[in-house]
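Examining the three-dimensional arrangement
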Amino acid sequence: MLKLGSTTDPRIDKLGALAAHVVGHALASGLSWDEAIMAFGVAAKALAAKAAEQGSGSLEQCSAHAERRLKSGRDKSAEVLRTWLR
């Protein structure tokens, strides 16, 4: 199991696998890294809209939460992803 900080949550394996999958597709897409990053923002907005539709809050609330989570994800160790890319 991957370890992120002091967390030993089994979701870390799922997060690492999904991140590796997304990065692999982004690299194979032919988009520049800049365009791929923008696509992640678009995807986050789409996920927030779906969450709002399902009753998780207003679109504004869900979008703000998505933005916070994107920022917190950037602060996580890249070792999680490197392990999956090996």
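Structure first, text after, so check above.
Because the structure is a prediction, the values reported are computed rather than measured.

**Regarding the overall build of the protein**
What the protein contains, in helices and strands, is 4 helices and 0 strands. Ordered by position from N to C terminus, the α and β elements of the protein give α-α-α-α. Within the protein, buried positions represent 16% of all 86 residues. Contacts in the protein between residues far apart in sequence, at least 24 positions, make up 44% of those at least 6 positions apart. Within the structure as shown, the protein displays about 6,600 Å² of accessible surface, and the carbon and sulfur contribution to it stands at 60%.

**Re the packing of helix H2 (residues 33–53) against helix H3 (residues 59–74)**
Direction vectors running N to C along H2 and H3 enclose 140°, while the axes themselves pass 8 Å from each other. Looking at the two axes, H2 sits oblique to H3. Crossing of H2 against H3: the hand is right-handed. Along its contact with H2, which presents Ala44, Lys45, Ala48, Ala49, Ala51 and Ala52, the element H3 presents Leu59, Cys62, Ser63, Ala66 and Leu70. The residue makeup of the contact of H2 with H3, split by class, is 9 nonpolar, 1 polar and 1 charged.

**Examining H2**
With 21 residues, H2 should reach 30 Å at 1.5 Å per residue; the first-to-last C-alpha distance of 30 Å fits that figure. Residues of H2 that are buried: Ala36, Ala44, Ala48 and Ala52. Phi turns positive, to about 90°, at glycine 55, one or two residues after H2.

The rules behind these values
- Residues numbered from 1 in each chain as written.
- Predicted model: local features only at pLDDT ≥ 70, side-chain atom pairs only at ≥ 80, totals over all residues.
- Heavy atoms only, no water.
- Helix = DSSP H or I, 4+ residues; strand = E, 2+ residues; numbered from the N terminus.
- Buried < 20%, exposed > 50% of the residue type's maximum accessible area, 1.4 Å probe, protein only.
- Contact = heavy atoms within 4.5 Å.
- Areas by Shrake-Rupley, 256 points an atom, 1.4 Å probe, with all protein chains shown as cover.
- Axes fitted to C-alpha atoms, helices over the stretch in contact; angles between N-to-C directions.
- Parallel < 35°, antiparallel > 145°, perpendicular 65-115°, else oblique.
- Left-handed = near helix turned anticlockwise from the far one by under 90°.
- Nonpolar A, V, L, I, M, F, W, Y, C, P; charged D, E, K, R; others polar.
- Expected span 1.5 Å × (residues − 1).

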